[in-house]
Amino acid sequence: MVETTRETPTPPTLALWRKLTSKPGGKRLFSTAISLKVPYFGTVLPTVQALEPGRCEVTAPKWFGVYNHIKTFHAIATCNLAEIAMGMLAEATVPVTHRWLPKGMTVSYVAKAETGLRAVAELPEIPEFGAEGVELPVPVTIYDKHDKPVTEGVITVWVTPKK
């Protein structure tokens, strides 16, 4: 489904988000759908809380499937959560005329993740996407239930026109 405006068509993922979240249980349904489309995302039981061009917020509960040896949220599971937030941001931001691929990721684990988490991917500004490929660094911060950052990262995305 592609929603169209006078300027540009709305990306299908963003259109689906807007359609489903207007209904009861829509966030859960949308989040289940993305976990079915990308099964590895389901390992952290994500719930997309907010999605708009240039911004995405995703939460994940602390449960035994994400534990490390000291029963905190495993560092790589936080990376998975960061990738979900970045991926949904990219799906809502990159025009339908273009495609995106993750190119690299840098992360810092700044505190133990002892609770459920909230990942926020947010662009300082949305660039113009033209005929040339562009590297788009997407900052992602992951917070614990007390709004303390536990993981900070940048996922670089390569955006090119579709062929």
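As shown above, the structure is provided for reference.
The structure reproduced in this document is the subject of the present report.

Parameters at a glance
- Residues numbered from 1 in each chain as written.
- Predicted model: local features only at pLDDT ≥ 70, side-chain atom pairs only at ≥ 80, totals over all residues.
- Heavy atoms only, no water.
- Pairing = 2+ DSSP bridges.
- Helix = DSSP H or I, 4+ residues; strand = E, 2+ residues; numbered from the N terminus.
- Phe/Tyr/Trp six-rings, centres within 6.5 Å; stacked < 30°, edge-to-face > 60°.
- Buried < 20%, exposed > 50% of the residue type's maximum accessible area, 1.4 Å probe, protein only.
- Lys NZ or Arg CZ within 6 Å of the ring centre and 35° of its normal.
- Core = buried A, V, L, I, M, F, W, Y, C linked by side-chain atoms within 4.5 Å.
- Contact = heavy atoms within 4.5 Å.

Considerations on the pairing of strand β7 (residues 134-143)
Right, so step 1: In the sheet, strand β6 (residues 117-122) pairs with β7 via 4 bridges, with the strands oriented antiparallel. Residue pairing in the sheet places R118 in a bridge with Y143 of β7.
Right, so step 2: As paired strands, β7 and strand β8 (residues 149-161) are joined by 10 bridges and run antiparallel to one another. Bridge pairing in β8 places P137 opposite T156.
Right, so step 3: The loop that links β7 with its antiparallel partner β8 comprises 5 residues; one of these, D147, has a positive phi angle of about 60°.

Digging into the packing of aromatic side chains
Right, so step 1: Within the structure shown, the criterion is met by 2 aromatic pairs.
Right, so step 2: Measuring from ring centre to ring centre gives 5.2 Å for W17 and F30, while their planes differ by 75°; the resulting arrangement is edge-to-face. In this pair, W17 sits in helix α1 (residues 12-20) while F30 sits in helix α2 (residues 26-37), placing the two residues 13 residues apart along the sequence. The residues W17 and F30 share a single accessibility class, namely buried.
Right, so step 3: Arranged with centres 5.0 Å apart and planes meeting at 75°, the rings of W63 and F64 form a pair that is edge-to-face.
Right, so step 4: Residue F64 is classed as exposed on the basis of its relative accessible area of 67%.
Right, so step 5: The side chain of K103 reaches across the aromatic face of W158, ending 5.0 Å from its centre.

Quick word on the nonpolar core
Right, so step 1: Residues V48, L51, V138 and V140 are the most contacted members of the largest nonpolar core, which totals 39 residues.
Right, so step 2: At the level of elements, α1, α2, β3 (47-52), β4 (55-60), α3 (75-93), β6, β7 and β8 are the ones that each hand at least two residues to this core.
Right, so step 3: Apart from residues lying up to four places away in sequence, V138 is in contact with M86, L89, A121, L123, G153, V154, I155 and V157.

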